[in-house]
Amino acid sequence: MYQTFFGLKESPFNGNPDPRYLYLTKQIQESLASLMYGIQARKGFITLTGEVGTGKTTLVNRLLDWLHQYKARTAYIFNSRLNTSDLLDFILAEFEIPCASRTKSQQLLRLNHWLLERYRMRETAVLIIDEAQNLSNSVLEEIRLLTNLETSTEKLLQIVLSGQPELEEKLKLPELRQLRQRITLRCKTSLLSIEETHAYVAERLRIAGANGTPIFSPEAIDLAHTYAHGIPRVINLLCEHALISAYTEQQRPVQPAAVSEAAREFQLDEIAPIAPPRDTTMEEAAEGSETFLHNAGEALSRFHIGSPEDTPARKQK
Ligand SMILES: Nc1ncnc2c1ncn2[C@@H]1O[C@H](COP(=O)(O)OP(=O)(O)OP(=O)(O)O)[C@@H](O)[C@H]1O
Ligand SMILES: [Mg+2]
């Protein structure tokens, strides 16, 4: 509805992890380059970690696009609540490897055989597991065992584990040290600096069709950055909401007041959208995030903006 008023072709601050919109901060650029290098060089095990809403899934989707062009075979799993017996089922299904048996040993044999065939054909096979912070220790241990599928010189399966900072904490557990030792590259996403926030907003507006005439006042973007603590997902939320209220008022460029109003709506003036410091109790942390998510969800549904969780898994071969 507001698109025409602001001269846009589409909604610039959609909450989906759309790789077309990926803004390459220095950090994201480095992480993307490392992921590409690690996979091409058959490094085996790579992690991608970062705070909630900082672009991990969007980056993974960009990586999948690249892998697709590079003719790699990919399996993308984001249902990280799976158990050890689901894991192999999911991997075989994603790689489209037919296997009549549901016995683990048979499935592993089948996978190994298929991977060797890919290797002979000079094809790369990549397993990407998103939301990996939720994986149980036993599933993580199963994943470690998959890194044993190798020739005498190279790993047959490249594995990317992507998740929130809790994943890093989990990987520090003594019982997961074997897995930790196998991680060859660690990539990150991070909070945006204020300069990056300005460039991020400009880039999303450009991709959505903006012609360069200011849509947001610089002060409005400064304020969105402050409330969002540099988290892109929250910046999107504030900017989307601010665009809607500015449109209602027929106001252009968008002023800081429209951003403050959005921040109040999401209670960002009361609750910070980032994890509280370590000494805060888990209960308080959970309560804070829950309230934030509840408010955000409610407001989103009112404005009919899809959340990333609504998006079905992208399936790319
Ligand atoms: N560098 C970026 N460029 C463009 N958009 C971004 C960037 N980082 C995040 N976003 C946007 O922010 C929103 C959240 O991103 P995404 O879902 O990728 O985060 P995430 O790190 O996977 O979050 P979670 O930890 O909750 O899974 C999406 O709308 C996404 O497009
Ligand atoms: Mg994600």
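If you're wondering where the values come from, they're calculated on a predicted model, not measured in any experiment.

Draft legend 1. Structural detail: the overall build of the protein. Of regular secondary structure, the protein possesses 13 helices and 5 strands. For the protein, the proportion of contacts with a sequence separation of at least 24, taken over those separated by at least 6, is 78%. Roughly 15,600 Å² of accessible area belongs to the protein as shown, and the carbon and sulfur atoms make up 52% of that amount.

Draft legend 2. Fine view of the packing of helix α10 (residues 218-228) against helix α11 (residues 232-248). Where α10 contacts α11, the two axes come as close as 9 Å, and the packing angle between them is 135 degrees. By the angle between their axes, α10 is oblique relative to α11. Crossing hand, α10 versus α11: right-handed. Residue-level contacts link A224, Y227 and A228 of α10 to V234, I235 and L238 of α11. Residues that form the contact of α10 with α11 fall into these classes: 6 nonpolar, no polar and no charged.

Draft legend 3. Quick peek at the site of ligand 1. Surveying the vicinity of ligand 1 reveals 22 residues, the closest of which are Y23, K56, T57, T58 and R204. In the model, a nitrogen atom of ligand 1 is placed 3.5 Å from a nitrogen or oxygen of the Y200 side chain. Note that a nitrogen atom of ligand 1 is positioned 2.8 Å from one of the side-chain N or O atoms of R204. Computed on the free molecule, ligand 1 has an accessible area of 630 Å², of which 97% lies beneath the protein chains in the complex. Where the shell around ligand 1 is concerned, the elements lending two or more residues are α3 (56-69), α9 (194-207) and α11. When grouped by side-chain class, the residues that make up the shell around ligand 1 number 7 nonpolar, 10 polar and 5 charged. Domain assignment of the residues forming the shell around ligand 1 places at least three in each of domain 1 (5-9 + 192-310) and domain 2 (26-188).

Draft legend 4. Quick look at the confidence of the model for the protein. When pLDDT is averaged along the protein, the result is 88, and 87% of the positions lie at 70 or above. Overall, residues 280-317 carries pLDDT values under 50, and its contacts beyond four positions in sequence, including any with other chains, amount to 53 contacts.

Rules of the game
Residues numbered from 1 in each chain as written. Chains lettered and ligands numbered in written order. Predicted model: local features only at pLDDT ≥ 70, side-chain atom pairs only at ≥ 80, totals over all residues. Heavy atoms only, no water. Helix = DSSP H or I, 4+ residues; strand = E, 2+ residues; numbered from the N terminus. Contact = heavy atoms within 4.5 Å. Areas by Shrake-Rupley, 256 points an atom, 1.4 Å probe, with all protein chains shown as cover. Axes fitted to C-alpha atoms, helices over the stretch in contact; angles between N-to-C directions. Parallel < 35°, antiparallel > 145°, perpendicular 65-115°, else oblique. Left-handed = near helix turned anticlockwise from the far one by under 90°. Nonpolar A, V, L, I, M, F, W, Y, C, P; charged D, E, K, R; others polar. Near = heavy atom within 4 Å. Polar contact = N/O pair within 3.5 Å; in protein donor to acceptor, adjacent residues only side chain to side chain. Domains from an automatic or database assignment. pLDDT = per-residue confidence, 0-100.

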